[in-house]
Amino acid sequence: MIIVSACLAGCKCRYDGKSNEVAEIKKLVLENKAIALCPEELGGLPTPRIPCEQVKINNEFKVIGQDKNDYTREFTKGAKIVVNVAKALNCKIAILKANSPSCGYGQIYDGSFTGKHTKGNGITSYLLAKNGVQILNEENFHSILNLKN
Ligand code: SF4
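Residues numbered from 1 in each chain as written. Predicted model: local features only at pLDDT ≥ 70, side-chain atom pairs only at ≥ 80, totals over all residues. Heavy atoms only, no water.

Description of the site of the ligand
Here is the rule we go by: The nearness test applies per residue and asks whether one of its heavy atoms lies within 4 Å of the molecule or strand. Gly is put with the polar residues, along with every residue not named as nonpolar or charged; the nonpolar set is Ala, Val, Leu, Ile, Met, Phe, Trp, Tyr, Cys and Pro, and the charged set is Asp, Glu, Lys and Arg.
The full set close to the ligand counts 14 residues, and Cys7, Cys38, Glu40, Lys97 and Cys103 are the nearest of them. In terms of residue class, the shell around the ligand is built from 7 nonpolar, 3 polar and 4 charged.

Some words on the pairing of strand β3 (residues 52-57)
Rules: DSSP bridges decide pairing: two strands pair if at least two such bridges lie between them. The helix count covers DSSP runs of H or I at least four residues long, the strand count covers runs of E at least two residues long, and both are numbered beginning at the N terminus.
In this structure, β3 lies alongside strand β4 (residues 60-65), joined through 6 bridges in antiparallel fashion. Residue Val55 lies in a different strand from β4, and its bridge partner there is Lys62.

Overview of the sheet that holds strand β5 (residues 93-95)
Note on sheets: strands pair through backbone hydrogen bonds, and any given pair is parallel or antiparallel. Defined as follows: Axes, fitted as lines to C-alpha atoms, cover a helix only where it is in contact. Angles between the N-to-C directions of the axes lie from 0 to 180 degrees. Any pair of residues with heavy atoms lying within 4.5 Å of one another is described as a contacting pair.
Taken together, 4 strands build an open sheet; the order of strands is β2-β1-β5-β8 and the sheet is parallel. In this open sheet, the two strands that pair with only one neighbour each are β2 (34-37) and β8 (134-136). Averaged over neighbouring strand pairs, the angle between their axes works out to 25 degrees when direction is ignored. As defined by bridge partners, strand β1 (residues 2-5) adjoins β5 across 3 bridges and the pair is classed as parallel. Note that in β5 the partner of Ile3 across the bridge is Ala94. Helix α1 (residues 23-30) contacts β1, β2 and β5 of the sheet and is inclined by roughly 110 degrees relative to β2.

Observations regarding the pattern of salt bridges
As a reminder of what qualifies: The rule for a salt bridge is simple: a side-chain nitrogen of Lys or Arg has to be within 4 Å of a carboxyl oxygen of Asp or Glu. Three labels apply to residues, based on accessible area from a 1.4 Å probe with only protein chains included: buried if under 20% of the type maximum, exposed if over 50%, partly exposed otherwise in between.
Tallying each qualifying case throughout the model produces 7 salt bridges. A salt bridge links Arg14 to Asp16; the nearest nitrogen and oxygen atoms lie 2.5 Å apart. Residue classification places Arg14 among the partly exposed positions, given a relative accessible area of 23%. Taking the relative accessible area as the measure of exposure, Asp16 reaches 27% and is therefore partly exposed. Its salt-bridge partner being Lys33, residue Glu31 comes within 3.3 Å of it at the nearest N-O pair. For Lys33, a relative accessible area of 24% puts it in the partly exposed group.

Okay, structure coming up:
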């Protein structure tokens, strides 16, 4: 079983109430090869919601909203739920939305809300990788499409 970002599977769970649907990723879910999860919704945040990005404050990563509030707790809660699902279903691969403060891996938005990127990992991607899950995104997932399960 593969974990995918719910927005890539067509769920309208993005901060702005839209999706990032990728037909092949949605197909994986419809064929029961993947499970679609949105860590930010699982963390208790509403959709639509305030856009958030990661920033480093006093050597610690925080998730701060455009409204200047700290949403680190909700993001962390959602990430832990996704890790629990990954463990329960023995998921070894995740296809997660690039650049997101939750789902990005290797590169995320830089905290300036200007669309610029920086090196880093979303909270969910970081925790999944730490637990042995291979993280792919919507641009590089094609190599695993022939997997049976
Ligand atoms: Fe998509 Fe992940 Fe953001 Fe949810 S948290 S909308 S799954 S990128």
